[in-house]
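Okay, here's what each chain looks like letter by letter:
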Amino acid sequence: MTNDNKTRSKANAVFFSVIMVLSMVAVGFAAAPAAAANAGDVTFEVQTLGTDQSVDVGVDNLEGANNDVTALITYEDGGDTVIAGSTTEAVSDGTGTVSVDIADSGGFPGEHTAHLVDPDGSTTNTSVGQTADDMTDTFDSATAEVTVAPRSDDSTVNTVFDGQTVFQGEENISFVDISTGDEYTADELEGTSGNREGTPLQMPIPEDEETGAYDANGPTEGTGGFTTTVVEPRITTAEVQLNDDDISRVATSRANNEGDREFGVQTDYNFEDAEQVEITVEDPNGADITSEVLDGDADALTGDGGFILLDMSGEDAGEYTVTFEGEDDLDFDSVVEEYTFELTNDDTLGIEVADDPITQGTNQQFTVSGGTNGDYHLVTVDADDFRSDELSDNVFRNVEDTETVGFANESGGSLGNSPDEVNFDNVEYAYAVVEIDGTQASGSLRTSTLDDTSVDLTLYGADEGDMDGTFYFPAENDWEDDEDSTDFDVEEGEVGLQSPTGTYTVGSEVDVNGTADSADNVQLYVRDNSNWEPLSIDGEENSPDDSENPSNEISVDSDDTFEETDVVISNQDLLDGNNILAFEGRYDIGVIDSSDVDDIVNDDGEIENSDFSSASSSRATLTVETGDLTASFGTVNGQIATEDGEIDVEGTAAGQDQVVVAFVDRRGSTVAETVSVDSDDTFDEDDIDISDLSQGAVSGHVISQSRDNQVGDGDGLPNQDGGDSLTDLRSYIRDDVSGSGDQVRSRIIANTVEADGSDDLIVSENFRINDATLSIRNVYPEEAESSGVNPVAAGETAVVEGDTNRDSDNAAITLELLDDEDSSVASTSTDEWGSDGQFSATFDTSDVETGTYTLEADDGDSTDRVEVEIVEEREEPADGDDGSDDGDDGTDDGDDGTDDGTDDGTDDGTDDGTDDGTDDGTDNGTDDGTDDGSEDDTPGFGALVALVALIAAALLATRRNN
């Protein structure tokens, strides 16, 4: 039964579906109107919203029988697409214009979009004021700017429409809503927010009225209101311009519009909807000459702003004023702008310099005055004033208002912008082209390129060509047609050498420095006999290894100083001046301005003494000496412990970059190293490994090359392929010299300091390599210094002194006080002792009980032990501080040396002879025999204590046996 029901249900569904389809088809055949347009093109032009509140939408190529189409106008509001108007219309022939009434003018003025929609098939919402974000069924659209109608001005009343702007200070305004025809008075419009909120707009509008929106609804939101906005009227541009440049000064010959010139006034302002700007030109006497200077058909009223041509070429020189103001209401103070400029005659153009006289090498500033903004002028210096026939730099600097610099020939052709580009045989002038900024132009020239003479600076008139700042030839190809000139005196500058002077050690590094207020570069020279020879410096750019192209020139910094650091000036492989300073003697060393060198140096690179003195130069005396050599080896008590296996060396080697440090043992084994010498002529090398040398006597040597920078006689060391450097010497000592210790030493000396013609230096020192040694020499209380091992009272500070041959950098000595079970009861350590190997340390015995202890010293490789007694009380000398029995003065009874204290004169003579002989013999013999014998047996103990100690030792021995 269930299956039957399902089958029946399916059949019913099919039946009813067929009925529905047939019904729809029948309806279509019965009443089908002509199809609406569903395709076409839209044209939407920029336009103004008319007084009838409508815009025009052009349509074309519509498809459909009766061409019905819906045109929608939308605008964007906060991200939503809002419908401003909608019109459905039949367009015959598929082409025409649809006028769309705007019912929602909230988007005006502004950008709007016209859409075409099929009126029968559209799902787009076409309700005015509603959003229509889903526009997928439109078949074409176009966007354009739609503005509101301009104000209506009948000369008595200025009509303002909804949404338009009014300005502070305006009068006679009528407010009209063009969509309804309603007219509003000013007091019906109230401020919407801020200080103006709820305040009616006044008419005339006060010059200080609060700016912002005023609405018929006031601050209350609502529809159907009328809104206007009060704005401050402003003239934003009010200038006199020549070729688009703002000027404050112009020659009368250029205050016109001849050729490519454009001379006039430029104005821009924000109140063109209310009224125009009027300009007035007044001469220096205050007379209105506007109508006389307007060029051609120019209008004194600027409309919506722009440029008005003037021609003032017929006016006299003086100061002129142009006034910009509104032509009607907007002519009050805060709106009015004035512009003042000066008309000049050609004879006002001039040039002047900042300094006269000026020191050669100092930059000379110059100023061109009386020019017209944007004009270009040529400034020149004659080649006769150049310092040299060929310059290494431009005369004029390309700075400030300078557009281009270079050199020119006699007929006015530019030869180039750089000295590297020109042939100075053809140069007649150095030039600069400067641009007037306002009324002036500033430039600068290098007096380092000029001779120490009176220099002429010449100014030419404004460029009548393209005004592009490039080189231009003076008018009519005449160099004499100048506008102005000035001259200034160039005085020779000074150069000074501060270092090196005084004493110089051959081979040492020095700083070369000094001052030069007239030079860009300086050169160093040395004088031996009559001529000056070039002296190469090895600064960053001139390495002493660059013997093919050495240089003696140093650049001068902007603060007029020069410097090269760490310079070796005695290298014989460089220039002749360096070779002079490689030998002892007294010489002149000098510095000279490089600009003066070219004209006085001869083909050999020398400069005669008279020429050197007449140039910008200075000299000093330099005494050259050869350096000495010192060295010391870091041994400990003349030894190096085998366990250390290292040695330190230090010393001085003036004028050297390196030294060789070598060691030779008794078997002839060697160690050799090269050690660098610092800029202060010192060297210091730690921890040189000599562990491969044999125990016993060893010699240490330090060897330097001295002045000639070669080892020995310069013919090369044995087996070193002719090499005679310190590196070759190191290799020779390491690998090639052989024999016993004495033979090796002899051969090293024979090939260095004792070689023919050698100036090598050597320092030698002997020491021994031994096993590590350690010994305790003295133990005593800190309060009573003494030699040997002495008792120390409990609580006193014990001082321990000893000897070692260990290096304190490699070892530390530990001192421990051990009881009879070898347990430590006190300890201390030290790692400080000098080259004599004597160490000292202290430890506190406050917590140590009395008794006999073992003091052990340990350096990690060797030890030493002594017995030390800690006593209850350390005894002083027997009776007196001086060692006598009774008296402080060494006598028996009296302080003065007498028995009873009687007469000094009598008793001294008798008693001293008798008593001293008797008493000293008796007392010392008795006392020392009795007391010393007792104390030496058990120092610091009585007999009972000794007996107890013996019994305790016996019991301990028995206990250990058990």
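First, a word on what this report is: a plain description of the structure on this page. (Residues numbered from 1 in each chain as written. Predicted model: local features only at pLDDT ≥ 70, side-chain atom pairs only at ≥ 80, totals over all residues. Heavy atoms only, no water.)

1. Some words on the overall build of the chain
Then, number 1: Regarding its fold elements, the chain presents nine helices and 61 strands.
Then, number 2: Scored against the burial criterion, the 962 residues of the chain give a buried share of 44%.
Then, number 3: Sequence-distant contacts in the chain: of pairs separated by 6 or more residues, those separated by 24 or more amount to 67%.
Then, number 4: Summing over all exposed atoms, the chain offers an accessible surface of approximately 47,300 Å²; the carbon and sulfur share of this is 38%. (Helix = DSSP H or I, 4+ residues; strand = E, 2+ residues; numbered from the N terminus. Buried < 20%, exposed > 50% of the residue type's maximum accessible area, 1.4 Å probe, protein only. Contact = heavy atoms within 4.5 Å. Areas by Shrake-Rupley, 256 points an atom, 1.4 Å probe, with all protein chains shown as cover.)

2. Some remarks on the sheet that holds strand E24 (residues 337-344)
Then, number 1: Reading across from one edge, E19-E24-E23-E21 is the order of the four strands in this open sheet, with mixed pairing throughout. Whereas interior strands pair on both sides, the edge strands pair on one side only; in this sheet they are strand E19 (249-251) and strand E21 (277-282). Here the average twist between neighbouring strands, direction ignored, is 25 degrees.
Then, number 2: The pairing of E21 with strand E23 (residues 318-326) spans six bridges and is antiparallel. Counterpart to Val-277 in the pairing with E23 is Gly-326. (Pairing = 2+ DSSP bridges. Axes fitted to C-alpha atoms, helices over the stretch in contact; angles between N-to-C directions.)

3. Concerning the side chain of Gln-720
Then, number 1: Looking at where Gln-720 falls in the secondary structure, it is placed in the loop between strand E52 (696-704) and helix H6 (726-736).
Then, number 2: Polar contacts involving the side chain of Gln-720 include one to the side chain of Asp-736, which spans 2.6 Å.
Then, number 3: Non-local contacts of Gln-720, meaning those with residues more than four positions away in its chain, are made with Asp-728, Ser-731, Tyr-732 and Asp-736. (Polar contact = N/O pair within 3.5 Å; in protein donor to acceptor, adjacent residues only side chain to side chain.)

4. Details of empty space enclosed by the protein
Then, number 1: Scanning the model with the defined rule gives one cavity of 30 Å³ or more in all.
Then, number 2: Approximately 30 Å³ is the volume attributed to the largest cavity.
Then, number 3: As for the largest cavity, its lining consists of Gly-634, Val-636, Gln-639, Ile-640, Ala-641, Asp-644, Glu-646, Asn-805 and Asp-807.
Then, number 4: The dominant element in the lining of the largest cavity, judged by the number of residues it contributes, is strand E47 (residues 639-641), at three residues.
Then, number 5: Residues that form the lining of the largest cavity fall into these classes: three nonpolar, three polar and three charged. (1 Å grid on protein atoms, 1.4 Å probe; cavity = no way out; pocket = protein on both sides within 12 Å on 5 of 7 lines; lining within 4 Å. Points joined across faces, edges and corners; volume = space filled by probe spheres on them. Nonpolar A, V, L, I, M, F, W, Y, C, P; charged D, E, K, R; others polar.)

5. Some remarks on the sheet that holds strand E30 (residues 402-408)
Pairing between the strands of a sheet is mediated by backbone hydrogen bonds and can be parallel or antiparallel.
Then, number 1: Ordered in space as E26-E35-E34-E28-E32-E30-E31, the seven strands form an open sheet in which the pairing is mixed. On the outer flanks of this sheet lie strand E26 (358-359) and strand E31 (414-416), each paired with one strand and no other.
Then, number 2: Alignment of strand E28 (residues 376-382) against strand E32 (residues 429-435), held across seven bridges, turns out to be antiparallel. Residue pairing across strands places His-377 opposite Val-434, the latter belonging to E32.

6. Some thoughts on the nonpolar core
Then, number 1: Ranked by size, the top nonpolar core spans 30 residues in total, and within it Phe-263, Met-312, Phe-324 and Phe-341 carry the most contacts.
Then, number 2: For this core, the leading source of residues is strand E17 (residues 235-242), giving four residues.
Then, number 3: The next biggest cluster of nonpolar side chains, apart from the first, holds 29 residues, and it includes Val-379, Ala-383, Ala-441 and Val-455. (Core = buried A, V, L, I, M, F, W, Y, C linked by side-chain atoms within 4.5 Å.)

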